[in-house]
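Listed below are the residues making up each chain.
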Amino acid sequence: MMSILLKVENVQTHIGQYHILQGVSFEAKEGQVSVLLGRNGAGKTTTLKTIMGLTPATSGTIHFQDKEITKQATHHIASSGIGYVPEDQGIFGALTVEENLKVAMRKEDDAALARQEYVLELFPDLKKYWKKDGGHLSGGQKQMLSMARAFINDSKLLLIDEPSKGLAPVVIEKVMEAIVEMKKQTTIILVEQNFIMASRIGDTYTLIDDGETVRSGQMSELVQNEELKRQYLGIG
Amino acid sequence: MELIINLLINGLATGMLIFLLAAGLTLIFGLMDVLNFAHGGLFAWGAFSGVWFYGLTNSFTIAIIGAILTGAVLGFITEKIIIKPVYGNHIQQILITLGFMIVLSEMLKVVFGPNQIAAKTPPLLSGSWEIGDVIIIKYRLFIIVVGFLVFGVFQFILKRTKIGLIVRAGVMNKEMVQALGINIKQVFLYVFMVGAALAALGGALMAPYSGVVYAEMGMEFAILAFIVVVIGGMGSFPGSLLAAILVGLAGSFMAYYVPALSLAVNMMLMAIVLIFRPQGLFTAKG
Ligand SMILES: Nc1ncnc2c1ncn2[C@@H]1O[C@H](COP(=O)(O)OP(=O)(O)O)[C@@H](O)[C@H]1O
Ligand SMILES: [Mg+2]
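Predicted, not measured: the structure shown is a model, and the values here were computed from it.

Definitions and limits used
- Residues numbered from 1 in each chain as written.
- Chains lettered and ligands numbered in written order.
- Predicted model: local features only at pLDDT ≥ 70, side-chain atom pairs only at ≥ 80, totals over all residues.
- Heavy atoms only, no water.
- Near = heavy atom within 4 Å.
- Polar contact = N/O pair within 3.5 Å; in protein donor to acceptor, adjacent residues only side chain to side chain.
- Areas by Shrake-Rupley, 256 points an atom, 1.4 Å probe, with all protein chains shown as cover.
- Helix = DSSP H or I, 4+ residues; strand = E, 2+ residues; numbered from the N terminus.
- Nonpolar A, V, L, I, M, F, W, Y, C, P; charged D, E, K, R; others polar.
- Donors = N, O, S within 2.8 Å, 3.2 Å for Na, K, Ca; no water.
- Buried < 20%, exposed > 50% of the residue type's maximum accessible area, 1.4 Å probe, protein only.
- Salt bridge = Lys/Arg side-chain N within 4 Å of Asp/Glu carboxyl O.

A. Representation of the site of ligand 1 in the model. Residue and element names in this part refer to chain A. Residues in contact with ligand 1, as listed here, are Ile15, Tyr18, Ile20, Arg39, Asn40, Gly41, Ala42, Gly43, Lys44, Thr45 and Thr46. Ala42 has a polar backbone atom sitting 3.2 Å from an oxygen atom of ligand 1. Within the contact set of ligand 1, an oxygen atom lies 2.9 Å away from a backbone nitrogen or oxygen of Gly43. Isolated, ligand 1 exposes 560 Å² of accessible area, and the fraction of that covered by the protein chains is 60%. Elements supplying a minimum of two residues to the shell around ligand 1: β2 (18–29) and α1 (44–52). By residue number, the principal contributor to the shell around ligand 1 is α1, which donates three residues. Its residues placed into classes, the shell around ligand 1 shows four nonpolar, five polar and two charged.

Below, the structure is given as structure tokens:
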């Protein structure tokens with residue numbers, strides 16, 4: 001029985017006067033890739049931001065490793081072991097690749113340096129452009145840098161928001177391979193619109209529509225369910 | 001020729017004082033998105049406490065250190081009480097910091113009396129050197145050296161240390177910095193204290209330069225510093241050095257050649273920069 005690493009229960013989030021999340025629930029099991037699916041504007045990004053405390057939940061609860069983190073400050077949530085790869089990658093444009101990683105590294109011990117070695121093997125491009133400004137990287141390289149940065153702190157859980165967005169197919173392939181590789185070491189919650197990719201690397205899925213969880217289950221089951229895919233993803 | 005050199009040195013010295021004020025302002029704005037109109041008050045407090053410490057100890061070094069510490073402590077109090085409740089709200093920031101600027105000024109009068117106070121130049125830095133026809137006033141050169149020194153030290157910190165990286169990253173993307181596990185509010189407090197300390201250092205250096213200190217001196221310099229922040233690019237440290245030197249030199253040369261325009265020249269500089277480069281000469285956002 002795999003243990004539940006993150007549990008989101010009936011979360012509601014308001015941004016200003018807007019009621020964006022209106023009941024999101026799902027869980028991420030250790031060692032798995034849990035995919036959040038749903039149309040544009042469904043609330044997937046907001047769900048990740050709410051987990052990170054960037055747009056805090058107004059009601060409902062979020063537990064990480066059995067501790068409640070719902071009302072915690074973002075930096076506490078991150079330091080407790082959650083790495084975040086935002087939709088826009090969040091690269092510090094005027095900092096070099098090296099500096100982007102260095103800012104993230106909370107402890108510069110042997111373990112952290114070993115993880116840095118590991119991500120540089122995973123993403124050789126980053127090593128190649130070590131001294132280049134983050135702002136001058138290609139979209140794919142930014143994506144890789146953002147993933148490497150989230151991984152470097154021994155994160156127990158990675159939240160990755162639409163990593164394939166705007167990338168060429170070959171690059172998407174590389175990014176997905178890296179996610180499969182990272183999965184060996186950590187748990188991942190992935191927002192992914194590209195259903196082929198999502199179904200290939202996802203273990204479970206959660207469908208979000210209009211700020212609410214519609215359904216969760218095993219990915220294999222969704223792949224078979226043409227009706228569900230048509231209704232909520234517009235495919236099939 | 002000697003006239004040009006004199007105007008150059010005057011302009012540079014004034015520019016450096018403005019830089020010390022603008023450096024803090026630009027970091028505070030760039031990182032914390034806070035418009036701090038009380039910054040000039042910290043400058044004036046630096047000037048008064050410098051003079052006070054100098055009178056007490058007869059040591060200019062202690063005077064400078066005392067002023068810096070005064071600035072840092074006032075910065076701590078200001079951030080905790082005045083700034084913290086108004087993060088994210090520019091209108092409230094303007095109102096409360098303008099109000100606090102007046103409080104700081106009035107408190108100076110309460111503590112040091114309502115009249116202006118004479119400020120002495122330390123003997124070691126008094127007088128001048130004569131090189132041919134050129135007379136170089138030692139204290140002005142001293143200010144210029146200190147200005148470049150401060151710039152060098154801070155550039156090093158910003159470029160080469162972890163905390164410097166965090167500050168630069170924070171200027172570019174605050175949310176992401178927090179999502180990496182960094183307590184940005186703590187960083188805000190440090191940056192505010194350092195900015196206040198730099199302003200106080202500027203005031204303490206200004207005192208012997210102008211010969212007197214008075215409660216309103218902060219306001220005049222704060223306006224120049226705001227112009228410099230806009231010209232240099234909000235959040236850019238090198239930008240504020242370059243812009244401060246520009247403003248200092250423009251003021252010095254205009255005061256001699258076209259005195260009628262010497263006050264307007266800074267506004268004109270700002271307008272020109274805003275027309276051709278609205279983001280300022282440098283950009284820190286990346
Ligand atoms: N800062 C904001 N202010 C107002 N509305 C927002 C904000 N952020 C997101 N939204 C709205 O919330 C909804 C969900 O957005 P988002 O979580 O980004 O969706 P997704 O990632 O699934 O495409 C959208 O309708 C979007 O317009
Ligand atoms: Mg999104």
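Don't stop here, the text continues.
B. Here's a closer look at the coordination of the magnesium ion (ligand 2). All names here are of chain A. Donor atoms from the polypeptide that coordinate the magnesium ion (ligand 2) comprise Thr45 (OG1) and Glu87 (OE), at 2.0 to 2.8 Å from the metal. Placement of the pair is Thr45 in helix α1 and Glu87 in the loop between β6 (82–85) and α3 (97–104), with a sequence separation of 42 residues. For Thr45, a relative accessible area of 22% gives the class partly exposed. Residue Glu87 is classed as partly exposed on the basis of its relative accessible area, which comes to 25%.

C. Structural context of the pattern of salt bridges. Counting across every chain of the model gives 14 salt bridges over all chains. Notably, a salt bridge pairs A:Glu181 with A:Lys184, separated by 3.0 Å at the nearest N-O pair. Since its relative accessible area comes to 26%, A:Glu181 is described here as partly exposed. One salt bridge in this structure joins B:Glu106 and B:Lys109, with 3.3 Å as the shortest N-O distance. A residue pair is termed a helical-turn pair when its members lie 3 or 4 positions apart in one helix, as B:Glu106 and B:Lys109 do in helix α4 (residues 90–112) at three residues. By relative accessible area, which is 26% here, B:Lys109 ends up partly exposed.

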